[in-house]
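The primary structure of each chain is shown beneath.
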Amino acid sequence: MRKKIVAGNWKCNTTVKEGVELAKSVNELVLTRGAKDVVVVLGTPFTHLISVVDAVDANRVNIASQNCAAVAKGAYTGEVSAAMIKSTGATYVIIGHSERREYYHENSEILNKKLALTLEQGLTPIYCCGEALAIREAGTQNEFVKQQLDETIFLLPTEQLLKLVIAYEPIWAIGTGVTASTQQAQDMLAFIRGLIAAKYNAEVAKEISILYGGSCSPANANDLFSQPDIDGGLIGGASLKSEDFLAIINAY
Ligand code: PEP
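Cut-offs applied
- In every chain, residue numbers begin from 1 and rise along the written sequence.
- pLDDT decides what is reported in this predicted model: residues at 70 or higher carry local features, side-chain atom pairs at 80 or more are listed and counted, and totals for whole chains, interfaces and linings draw on all residues regardless.
- Only heavy atoms go into the side-chain values, all of them from the structure, while hydrogens and water stay out.
- Two strands are counted as paired when DSSP detects at least two bridges linking them.
- In this text, helices come from DSSP runs of H or I with a minimum length of four residues, and strands from runs of E with a minimum of two, each type numbered from the N-terminal end.
- To get an axis, a line is fitted to the C-alpha atoms, and for a helix only the part in contact is used. The angle between two axes follows their N-to-C directions and goes from 0 to 180 degrees.
- Contacts are assigned to residue pairs with any non-hydrogen atoms lying within 4.5 Å of each other.
- Near is defined per residue: the residue qualifies when any heavy atom it owns lies within 4 Å of the molecule or strand.
- Counting of polar contacts relies on pairs of N or O atoms within 3.5 Å, with two restrictions inside protein: one atom must be capable of donating a hydrogen and the other of accepting it, and residues adjacent in sequence are counted only when both atoms are side-chain atoms.
- Surface exposure here means Shrake-Rupley accessible area, sampled with a 1.4 Å probe, where a residue is shielded only by the protein chains that are shown.
- Only Asp, Glu, Lys and Arg are considered charged in this grouping, and only Ala, Val, Leu, Ile, Met, Phe, Trp, Tyr, Cys and Pro are considered nonpolar; every other residue, Gly among them, is considered polar.
- Buriedness for pockets is judged along seven lines, at least five of which must meet protein on both sides within 12 Å for an open set on the 1 Å grid over protein atoms alone, while cavities are sets there where a 1.4 Å probe fits but cannot get out, and lining residues have an atom within 4 Å of a point.
- Grid points are joined across faces, edges and corners, and a volume is the space filled by probe spheres set on the points.
- Each aromatic pair joins two rings of Phe, Tyr and Trp (for Trp, the six-membered one) with centres within 6.5 Å, and gets the label stacked for planes under 30 degrees apart, edge-to-face for over 60, and tilted for any other angle.
- Remark: exposure states derive from per-residue accessible area (1.4 Å probe, protein chains only) relative to the maximum for the residue type, with buried under 20%, exposed over 50%, and partly exposed in between.

S.K.: What is the right way to look at the sheet that holds strand E1 (residues 4-9) in this model?
M.R.: Backbone-to-backbone hydrogen bonds pair the strands of a sheet. The strands run either parallel or antiparallel. If you walk around this closed barrel you meet the 8 strands as E1-E2-E3-E4-E5-E6-E7-E8, and the pairing is parallel. Each strand axis lies, on average, 25 degrees off the axis of its neighbour in the sheet, ignoring direction. Taken together, the 3 bridges between strand E6 (residues 165-168) and strand E7 (residues 210-213) define a ladder with parallel strand orientation. Across the sheet, the residue bridging to Ala167 is Leu211, located in E7. Sheet contacts for helix H9 (residues 182-199): strand E5 (124-129), E6 and E7; angle to E7, the most-contacted strand, approximately 150 degrees.

Laid out in structure tokens, this is it:
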């Protein structure tokens, strides 16, 4: 049975002190009032990882980095490797977020290196895909997302693909307050699951958690999560407020 997952992406927000306070608050709410069958993940800045891992109950709250280096180690000033992330106690890595693709020019070749290094460390990649507004308006979003997947995760063998979480995040919905309609989100996630079934098989497609991300909030999470192919959310803005994040976790 595939997992239901709600993962927060704090992006470049909070100091270490603020982040630890937020993590403690989420942890407390999840332990006391959180839906038991939802996997909770907090995607924090690199600087916070060790402290935040220490601040939460590892049985209930998982920690993710938002990126990792495309190299294993060496003379790459400023980079943080998958092995370093693993050594903090974090267990997930967000890979291919549209902000990294757009602002840091991360293409499929780079993402494949990150995927390989992350998997090698036994970390779980949350692989992001999704189209820009112009592509959605042209009606070619399915072809676009298929190409993103064909060039990256669909090159992985079955046993590695099964270790991934996929997050579909239409760029036009990220941080804009414009959510994809429940039907648009469901249609794309069903399309992605269909691609996995065609490329691998139906059993594999059934096992992989596929999340929706893009202005997900306590107001729309219930509707989104009620869809058969939506296995949870990748949450940006609303993950910075512990009560809102809890409400999304409990939206199932
Ligand atoms: C994100 O950054 O992954 C995201 C979904 O952001 P927001 O929820 O703020 O749209």
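Next, the rest of the story.
S.K.: Just checking my understanding: could you explain the site of the ligand for this structure?
M.R.: Around the ligand there are 14 residues in total, and Lys11, Glu169, Gly175, Ser215 and Gly236 lie nearest to it. A distance of 2.6 Å separates an oxygen atom of the ligand from a polar side-chain atom of Glu169. The contact in question runs from an oxygen atom of the ligand to an N or O atom on the backbone of Gly236, over 2.8 Å. Within the complex, the protein chains bury 95% of what would otherwise be the 290 Å² of accessible surface of the ligand. For the shell around the ligand, a count of residues per class yields 4 nonpolar, 8 polar and 2 charged.

S.K.: Help me understand the layout of surface pockets in this model?
M.R.: Unfilled space is identified by rolling a water-sized probe across the atoms. In this structure, the largest pocket encloses a volume near 380 Å³. What lines the largest pocket is a set of 14 residues, and nearest its centre among them are Lys11, Cys12, Gln66, Arg100 and Tyr104. It is helix H4 (residues 98-103) that contributes the most residues to the lining of the largest pocket, 3 residues altogether. Across the lining of the largest pocket, the residue classes tally to 6 nonpolar, 5 polar and 3 charged. Size it by volume and the second largest pocket reaches roughly 270 Å³. Lining the second largest pocket are 14 residues, with Lys3, Leu162, Lys163, Leu164 and Val165 positioned closest to its centre.

S.K.: How do you make sense of the packing of aromatic side chains when you look at a structure like this?
M.R.: Any two aromatic rings considered together are summarised by their centre-to-centre distance and by the angle between their planes. Summed over all chains, the structure comprises 2 aromatic pairs. Between Phe154 and Tyr200, the ring centres sit 6.0 Å apart and the planes meet at 65 degrees, which makes this aromatic pair edge-to-face. Placement of the pair is Phe154 in the loop between helix H7 (141-150) and helix H8 (158-161) and Tyr200 in the loop between H9 and helix H10 (202-207), with a sequence separation of 46 residues. For Tyr200, a relative accessible area of 16% corresponds to the buried category.

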